[in-house]
Amino acid sequence: MPADCLFCKIINREEPSEFLYEDDTYVVFKDINPHAPVHLLLVPKKHIRSINDIQTGDESILGGLFTLAKKMAKEQGINESGYKLLFNVEKGGGQVIFHIHLHLIGGWHKRPSHL
Ligand code: 5GP
Ligand code: ZN
């Protein structure tokens, strides 16, 4: 892992963050600067810089992100209202943290809990 990778530090608990989910392969935490009522970052523990750097053998990590997204969306109560999944790739694609992560963004049309 690069010594200066913020998400590796978060994964290793060298930087504070509250995990909404953790297993051997992934962590999930809230984006510090949310673009929507629900904005989670789904982060593989393996340090991969970006989609450009995935290699043969990483398919299960990448595929598992979508199963995790489905689970987290349901937990957040936005699976039916809908959400966006986004990878920013390199600087021109808006990536600022160079440790691969999937944005799960939604909650605009979340049904009020009393209905
Ligand atoms: P990117 O633009 O690289 O796809 O997304 C990086 C995301 O990480 C941004 O949306 C940014 O708000 C978020 N972020 C940056 N630093 C931190 C941090 O220290 N903690 C958390 N929870 N999110 C962060
Ligand atoms: Zn990293």
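Residues numbered from 1 in each chain as written. Chains lettered and ligands numbered in written order. Predicted model: local features only at pLDDT ≥ 70, side-chain atom pairs only at ≥ 80, totals over all residues. Heavy atoms only, no water.

Undergrad: Where do I start with helix 2 (residues 59-75) in this structure?
TA: The α-helix advances 3.6 residues per turn, and as a result positions three or four apart in sequence lie on the same side. Taking 1.5 Å as the rise per residue, helix 2 with 17 residues should run 24 Å; its terminal C-alpha atoms sit 25 Å apart, in good agreement. Among the residues of helix 2, those classed as buried are I61, L62, G64, L65, L68, A69, M72 and A73. Once helix 2 finishes, G77 follows within two positions and takes phi at roughly 75 degrees, a positive value. (Helix = DSSP H or I, 4+ residues; strand = E, 2+ residues; numbered from the N terminus. Expected span 1.5 Å × (residues − 1). Buried < 20%, exposed > 50% of the residue type's maximum accessible area, 1.4 Å probe, protein only.)

Undergrad: What is the right way to look at the pairing of strand 5 (residues 102-106) in this model?
TA: Across a regular strand the side chains alternate sides, sitting on one face of the sheet and then on the other. Taken across its five residues, strand 5 has five buried, putting it largely inside the fold. Of the two faces of strand 5, both are covered, the one formed by L102, L104 and G106 as well as the one formed by H103 and I105. Both strand 3 (residues 38-44) and strand 5 contribute to a ladder of five bridges, which runs antiparallel. Within strand 5, the residue paired with V38 across the bridge is G106. (Pairing = 2+ DSSP bridges.)

Undergrad: What's the story with the site of ligand 1 in this structure? I'm lost.
TA: Among the 15 residues in the neighbourhood of ligand 1, the closest are listed as D31, G94, V96, H101 and H103. One nitrogen or oxygen atom from the side chain of D31 is found 2.4 Å from an oxygen atom belonging to ligand 1. Taking H103, its side chain carries an N or O atom lying 2.8 Å from an oxygen atom of ligand 1. When isolated, ligand 1 has an accessible area of 520 Å², and the protein chains bury 83% of it. Elements that contribute at least two residues to the shell around ligand 1 include exactly helix 1 (6-11) and strand 2 (26-30). (Near = heavy atom within 4 Å. Polar contact = N/O pair within 3.5 Å; in protein donor to acceptor, adjacent residues only side chain to side chain. Areas by Shrake-Rupley, 256 points an atom, 1.4 Å probe, with all protein chains shown as cover.)

Undergrad: I keep staring at the environment of P44 and nothing clicks. Help me out?
TA: Tracing the chain through its elements places P44 in strand 3. Of the residues examined, P44 reaches a relative accessible area of 1% and is grouped as buried. Contact partners of P44, with chain neighbours within four places excluded, come to I11, T25, Y26, I61, L65, H99 and I100. (Contact = heavy atoms within 4.5 Å.)

Undergrad: Would you take a moment to explain the environment of W108 for this structure?
TA: Within the secondary structure, W108 sits in the segment after strand 5. Between the C-alpha atoms of W108 and G94, which are 14 residues apart in sequence, the distance is 22 Å. In this structure W108 touches H35, A36, P37 and K84, once residues within four positions along its chain are discounted.

Everything listed here is a matter of geometry and, on its own, says nothing about what the molecule does.
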